[in-house]
Amino acid sequence: MTSKTHSTLTLLPSLWLHGAGLTDATWRDVVVDMPLAKTPNLPGTGNPARVERYADALQHLAPDGAVLVGHSLGGMVALELAARTRPAALVLIEAVPTVVDTFFGRIAGRLLPAVLRRISPGRLAGLVGLGEPEIVAKELRAQIPCWSAEAIADQMCAAAVYDGRYLLSAIAAPTLLVDGQRNRATRRGMEAFEIGIIGSELLRLDGGHNLPLEMPDALREHIDDFLKRRLN
């Protein structure tokens, strides 16, 4: 890992937002030496859940000059916050600006929340973990059951209806985009970020969707390197 003594992240306030069904434990191994880091669980937003409402509830944790980091659904929230504030930098990990731009995304967005309400979080953790490295599957089994089935469905519903494409051209902060080579489902969205956010950099790592769980040290090192180049 990058030397902690020379890590820009230890000196700046930062906000780290987890993906749907995950928790603040997503970032446990990434922010261990960062006294100014905030890693909240996504709050309840009422019915219906919306990405914009998550941003409303969390904006007090994103002062101007902070580094905003979001994974998956958390990336959507980080994008929303980046458009409202003046962050030092934005890091989007395995995220997309919307899923409503494809037929499959629209259909899945309508059906998936209803399906998730009928699956216990423990069972869902086992299903989602199939084919994942054991380090990821173990974390999924620990984190997903922290939520109710209703809460997980609400988070997925928020992601399903969000469309942040109109915000991309307004993002002025240095932006790092990180996706996993094994997961093609977010490829289109990550490339949309790269095209829409001027000056953004796309980094592809040899992992899957849950990069913060699979390779926290490598992820932290790449974020540190990016901030060192772009902010110093």
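Residues numbered from 1 in each chain as written. Predicted model: local features only at pLDDT ≥ 70, side-chain atom pairs only at ≥ 80, totals over all residues. Heavy atoms only, no water.

Trainee: Sorry, what's going on with the overall build of the protein here?
Mentor: Broken down by element type, the protein carries nine helices and six strands. Against the compact-globule benchmark of 17 Å for 232 residues, the protein has a radius of gyration of 16 Å, which places it among compact chains. Along the longest, intermediate and shortest principal axes, the C-alpha atoms of the protein span 50 × 35 × 30 Å. Going through the 232 residues of the protein one by one, you find that 52% of them count as buried. Contacts in the protein between residues at least 24 apart in sequence constitute 67% of all its contacts with a sequence separation of at least 6. Just so you have it, the protein exposes about 10400 Å², and 55% of that area is on carbon and sulfur atoms. (Helix = DSSP H or I, 4+ residues; strand = E, 2+ residues; numbered from the N terminus. Rg over C-alpha atoms; globule rule 2.2 N^0.38 Å. Buried < 20%, exposed > 50% of the residue type's maximum accessible area, 1.4 Å probe, protein only. Contact = heavy atoms within 4.5 Å. Areas by Shrake-Rupley, 256 points an atom, 1.4 Å probe, with all protein chains shown as cover.)

Trainee: Hey, could you run me through the nonpolar core in this one?
Mentor: Generally speaking, a soluble globular protein has its nonpolar side chains buried in company with each other. Counting 31 residues, the largest nonpolar core has Leu68, Val77, Leu81, Leu92 and Phe193 as the members making the most contacts within it. Elements with a contribution of two residues or more to this core: strand S1 (14–17), helix H1 (51–58), helix H2 (73–84), strand S4 (89–93), helix H6 (149–161) and helix H7 (187–196). In this view, Leu81 contacts Leu15, Leu17, Ala55, Gln59, Ala62 and Leu68; residues no more than four positions away in its chain are not counted. Listed in part, the 22 residues of the second largest apolar core include Trp16, Ile93, Met215 and Leu227. (Core = buried A, V, L, I, M, F, W, Y, C linked by side-chain atoms within 4.5 Å.)

Trainee: So what exactly am I meant to see when it comes to the side chain of Glu139 here?
Mentor: If you trace the backbone, Glu139 turns up in helix H5 (residues 134–143). Side chain to side chain, Glu139 and Arg28 meet in a polar contact 2.7 Å long. If near-sequence neighbours (up to four positions away) are discounted, Glu139 is found in contact with Arg28 and Leu213. (Polar contact = N/O pair within 3.5 Å; in protein donor to acceptor, adjacent residues only side chain to side chain.)

Trainee: Would you explain the environment of Ala160 in this entry?
Mentor: If you trace the backbone, Ala160 turns up in helix H6. We classify Ala160 as buried; its relative accessible area is 9%. In the structure, Ala160 is positioned 61 residues away from Val99 in sequence and 6.1 Å away in space, judged by C-alpha atoms.

Trainee: Sorry, what's going on with unusual backbone geometry here?
Mentor: One can expect most non-glycine residues to show negative phi and most peptide bonds to be in trans. In this structure, Ser72 is a non-glycine residue whose phi angle is positive, near 60°. Its place among the elements puts Ser72 in the loop between strand S3 (67–71) and H2. Here the phi dihedral of Glu94 falls at roughly 50°; this positive angle occurs in a residue that is not glycine. The exposure class of Glu94 is buried, given its relative accessible area of 1%.

Trainee: Quick question: what am I supposed to make of the environment of Arg188 here?
Mentor: The topology assignment puts Arg188 in helix H7. Beyond its immediate sequence surroundings of up to four residues, Arg188 is in contact with Asp101 and Thr102. Polar contacts involving the side chain of Arg188 include one to the side chain of Asp101, which spans 3.1 Å.

Trainee: Hey, could you run me through a nonpolar patch on the surface in this one?
Mentor: A contiguous nonpolar patch, built from Leu127, Val128 and Leu130 and spanning about 260 Å² of accessible area, is present on the exposed surface. Structurally, the position occupied by Leu127 is in helix H4 (residues 121–128). Judged by relative accessible area, Leu127 falls into the partly exposed class, the value being 35%. (Patch = residues over 30% accessible without salt bridge, like charges linked within 9 Å, V, L, I, M, F, W, Y side chains within 5 Å. Salt bridge = Lys/Arg side-chain N within 4 Å of Asp/Glu carboxyl O.)

Trainee: Help me understand the packing of H1 against H2 in this model?
Mentor: Geometrically, a packed helix pair is captured by the angle between its two axes and the distance between the axes. Viewed as axis vectors pointing N to C, H1 and H2 meet at an angle of 60°, and their least axial separation amounts to 9 Å. Crossing of H1 against H2: the hand is right-handed. Two secondary-structure elements touch here, H1 through Val51, Glu52, Tyr54, Ala55, Asp56 and Leu58 and H2 through Leu73, Met76, Val77, Glu80, Leu81 and Arg84. Among the residues making up the contact of H1 with H2, the classes are represented as eight nonpolar, no polar and four charged. (Axes fitted to C-alpha atoms, helices over the stretch in contact; angles between N-to-C directions. Left-handed = near helix turned anticlockwise from the far one by under 90°. Nonpolar A, V, L, I, M, F, W, Y, C, P; charged D, E, K, R; others polar.)

Trainee: Help me understand the pairing of strand S6 (residues 201–205) in this model?
Mentor: A regular strand places its side chains on the two faces of the sheet in alternate fashion. Here five bridges tie strand S5 (residues 175–180) to S6, and the two strands are oriented parallel to one another. If you follow Gly180 over to S6, its bridge partner there is Leu205. The parallel pair S5 and S6, bridged by H7, forms a crossover whose chirality is right-handed. (Pairing = 2+ DSSP bridges. Right-handed = clockwise from strand over helix to strand, strands pointing away.)

Just geometry here; none of it tells us what the structure is for.
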